[in-house]
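# Notes for the structure review
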Amino acid sequence: MTVAPPAPTLCDRCGTKLGRSNTDTVCSPCRRAIGPRASGSPVRAVPAEPSPHWLTGDTERAAPPDGSNLADVLKAYRALHKLKQQDLADLLGYDQSYVSLLERGKRSIRDMDELRRVARALALPEDELGLLPAAEAVVTVAAPAGSPAQDGPLAAVDDQRRWRMTRRELNRHRADLTKAAAGLYPDVSRAGNSPVLTRESWMWPAPVDFADIELAWLTQTNPPEVTGREKESEDVRPLAPQGTKFDRYTQAIRMIDRPSLFVNRPSFRLLDVSQTDGRPKLSFGYTTYFDMADVCEAVAHELASAWLKTGSDPGWISDPSWAELPFRGLVGDPFDLAHRPLLPSIDTLTIRVGPDGASFPLHHRSASNVALAGGTYHVMPAGVFQPSSVMPWDQSNDFNLWRNVLREYAEEFLGDPEADGSSGEPIDYDSTEPFRTLNQARRDGKVRPYCFGIGLDPLTLAGEILSVVVIDSDVYDSVFSGMVTRNSEGAVVAGRPGESSAGIDFTEANVRRLLDNEPLASAAAACLDLAWQHRGLILG
């Protein structure tokens, strides 16, 4: 009879295979790291709880970690635990020569799973290596006893039908509901003559070049206090088929009314707006797209539901009440950036300027394609501030307002696939088109990006970085000669580059007509109004 060999014994701390002569529960490097075991009693080693940011002493840096600091991490870990390179190699399952190459920067690890394994083996916080937590699975929470959820699947079907109807009405009436939401904040400043909420310290006296805005990365942040899972949000989270409430608003969107573009991505959470030496400074940490939507779309849904309960009374739009808005009440001060996750969009009005005058395109966002600002006209391009992928090197490489706008130009104007960092290397913005040409034109003064300031959409309370990019006609017509009429988010309202007007003429009459009569996204209204106010500066 053949007897199977016994399964190898593994280190309780790092998972490394133990030698036959090792009677301990951990390998030798781990034993040196955690100290001797107590005399007379067996020890079962437990991986140490990762102390936050054990290596990084500063609370602020210029960009997120990109994984390139692995050499420093390994050397610091060895020094802290008094390990030799061979000890660390044994701990990680590497050859000593490979550890030497890593510590000297002669080799790097580009595989995210391997980086995660290294972090686990050393009991380090994953974000020390630029890694983000894995995406959260769809789960539901039990409904309290005696609630309508106990009626089972039929109750869920009816509840989901009402939820879907409310969401459709939300998208059909976003412009009117935005006016109602703005009325809830009568004492809050506005960005120009638009509904966008803002503070005096969040808006600059004059448009600021992107190059003059400092970005900072906060290495130590606290999670938001409001996430959208609270009791106050239960009414906007429908019943799942099991008869329990969806745990998150975004889970309901995915299961019941999913738009064609709805992907959870790591994103940059705005945590502070300040000034340094007279220059604007924006400080960020991590969040995700769904974290933002769980709060922002939920408060919008709640307001739409409150309006529908009045029989869609037009009077309620002009004089809204907080009575049916418990979740918005829980959010409280919309400018408290520690209280909730705020992922800003960079909303850019693009103006083509030449001998024939100035003009601009608009974007009609399809409610069936996008989750936010569906059914409205928006400036082009517009997109949330996020890296092109979850790779650490992309998080650092893409932590730049202008590069975010460049990627949106490729997607919205030219119909290019969304840049996702799938090549395994950071995007080369100086060699890849159309980024290379636009960057060179910017250096030549033919592309001029300005920022007006920061605001909040009153309906969703989503963050808006309000901006304008002025492009000389020769550059515009060359780069956007293949401009699409439709893209993955909706229809483009513009003429062909090179025609007498590549879009809508930038005139006072057209700006006022759009502001007064068309269903503009609130950020689009702010960008248009502020651009007209500052036309002398931005158009030269």
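It should be noted that the structure appears before, not after, this text.
Residues numbered from 1 in each chain as written. Predicted model: local features only at pLDDT ≥ 70, side-chain atom pairs only at ≥ 80, totals over all residues. Heavy atoms only, no water.

## Structural notes on the overall build of the protein chain
On a plain count of helices and strands, the protein chain comes out with 18 helices and 19 strands. Restricting the contact set of the protein chain to residue pairs at least 6 apart, pairs at least 24 apart contribute 70%. Accessible surface, the protein chain: about 23600 Å² in total, of which carbon and sulfur atoms supply 50%. (Helix = DSSP H or I, 4+ residues; strand = E, 2+ residues; numbered from the N terminus. Contact = heavy atoms within 4.5 Å. Areas by Shrake-Rupley, 256 points an atom, 1.4 Å probe, with all protein chains shown as cover.)

## Let's talk about the packing of aromatic side chains
Under the criterion given, the structure shown has 22 aromatic pairs. Where Trp 202 meets Phe 335, the ring centres are 5.1 Å apart and the plane angle is 90 degrees; that geometry is what we call edge-to-face. One end of the pair, Trp 202, is in the loop between β4 (197-198) and β5 (203-209); the other, Phe 335, is in the loop between α11 (326-331) and β10 (345-354), with 133 residues separating them in the sequence. Taking the centre distance of 6.4 Å and the plane angle of 80 degrees together, the rings of Phe 210 and Trp 402 count as edge-to-face. Placement of Phe 210 in the loop between β5 and β6 (214-218) and of Trp 402 in helix α13 (residues 401-413) is noted, with a sequence separation of 192 residues between them. For Phe 210, a relative accessible area of 7% corresponds to the buried category. Owing to a relative accessible area of 4%, Trp 402 belongs among the buried residues under this scheme. (Phe/Tyr/Trp six-rings, centres within 6.5 Å; stacked < 30°, edge-to-face > 60°. Buried < 20%, exposed > 50% of the residue type's maximum accessible area, 1.4 Å probe, protein only.)

## Details of the pattern of salt bridges
The full count for this structure, using the stated rule, is 24 salt bridges. For Arg 513, the salt bridge goes to Glu 518, with nearest N and O atoms at 3.9 Å. Residue classification places Glu 518 among the partly exposed positions, given a relative accessible area of 30%. Where salt bridges share partners, they join Arg 167, Arg 168, Arg 174, Asp 257 and Glu 297 into one cluster. (Salt bridge = Lys/Arg side-chain N within 4 Å of Asp/Glu carboxyl O.)

## Re the pairing of strand β8 (residues 266-276)
Sheet topology places β8 next to strand β9 (residues 279-288); 10 bridges connect them, and they run antiparallel. Pairing of Ser 267 across the sheet is with Thr 287, part of β9. Connecting the antiparallel pair β8 and β9 is a turn made up of 2 residues, with Asp 277 showing a positive phi of about 55 degrees. (Pairing = 2+ DSSP bridges.)

## Considering the sheet that holds strand β13 (residues 377-379)
In space, the 4 strands of this open sheet follow the order β13-β12-β18-β17, with antiparallel pairing throughout. The sheet is open, and its two edges are formed by β13 and β17 (486-487), each paired on a single side. Two strands pair when backbone bridges link them, and strand β12 (residues 362-365) and strand β18 (residues 490-493) are joined in this way by 4 bridges, in the antiparallel orientation. Each residue of the ladder has a partner; that of His 364, found in β18, is Ala 491.

## Here we look at the side chain of Glu 412
Here Glu 412 shows up in helix α13. A polar side-chain atom of Glu 412 sits 3.2 Å from the main-chain amide nitrogen of Ala 382. Filtering out sequence-adjacent residues up to four positions away, Glu 412 remains in contact with His 363, Met 380, Pro 381, Ala 382, Val 484, Asn 487, Glu 489 and Val 492. (Polar contact = N/O pair within 3.5 Å; in protein donor to acceptor, adjacent residues only side chain to side chain.)

## Structural notes on the side chain of Asp 529
Examined against the element boundaries, Asp 529 turns out to sit in helix α17 (residues 522-533). Sequence-distant contacts of Asp 529, that is, excluding residues within four places in its chain, are made with Gly 192, Asn 193, Arg 512 and Leu 515.

## Quick look at the state of the cysteines
Formally, a disulfide is one covalent bond, and it connects the sulfur atom of one cysteine to the sulfur atom of another. Per the stated rule, a full pass over the model turns up 0 disulfides. Cys 451 takes part in no disulfide bond, and the closest cysteine sulfur, belonging to Cys 527, lies 8.7 Å away. (Disulfide = S-S within 2.5 Å.)

## Some remarks on unusual backbone geometry
Omega for the peptide link from Met 380 to Pro 381 comes to -5 degrees, which places this bond in the cis form. Structurally, Pro 381 is set in the loop between β13 and β14 (382-384). In the segment running from Glu 433 into Pro 434, the intervening peptide bond is cis, with an omega of 5 degrees. Relative to the helices and strands, Pro 434 resides in the loop between α13 and α14 (435-443). For Lys 82, which is not a glycine, the phi torsion comes out positive at approximately 55 degrees. Within the element layout of this structure, Lys 82 appears in the loop between α2 (70-81) and α3 (85-92). Residue classification places Lys 82 among the exposed positions, given a relative accessible area of 70%.

## Regarding the environment of Trp 307
Within the element layout of this structure, Trp 307 appears in helix α9 (residues 289-309). A sequence separation of 137 residues divides Trp 307 from Leu 170, and the C-alpha atoms of the two residues are 9.8 Å apart. In contact with Trp 307, other than residues within four places in its own chain, are His 173, Leu 177, Ser 312, Asp 313, Trp 316 and Ile 317.

## Here's the deal with α13
Given a rise of 1.5 Å per residue, 13 residues ought to cover 18 Å, and the 18 Å separating the end C-alpha atoms of α13 matches this to within 8%. Counting buried positions along α13 yields 12 of 13 residues, so the element is predominantly enclosed. For α13, the full list of buried residues reads Leu 401, Trp 402, Asn 404, Val 405, Leu 406, Arg 407, Glu 408, Tyr 409, Ala 410, Glu 411, Glu 412 and Phe 413. Between the side-chain oxygen of the N-cap and the backbone nitrogen of Trp 402 there are 2.9 Å, and the N-cap of α13 in question is Asn 400. Trailing α13 by a residue or two, Gly 415 shows a phi angle of about 70 degrees, which is positive. (Expected span 1.5 Å × (residues − 1).)

Everything listed here is a matter of coordinates, which is why it stays silent on function.
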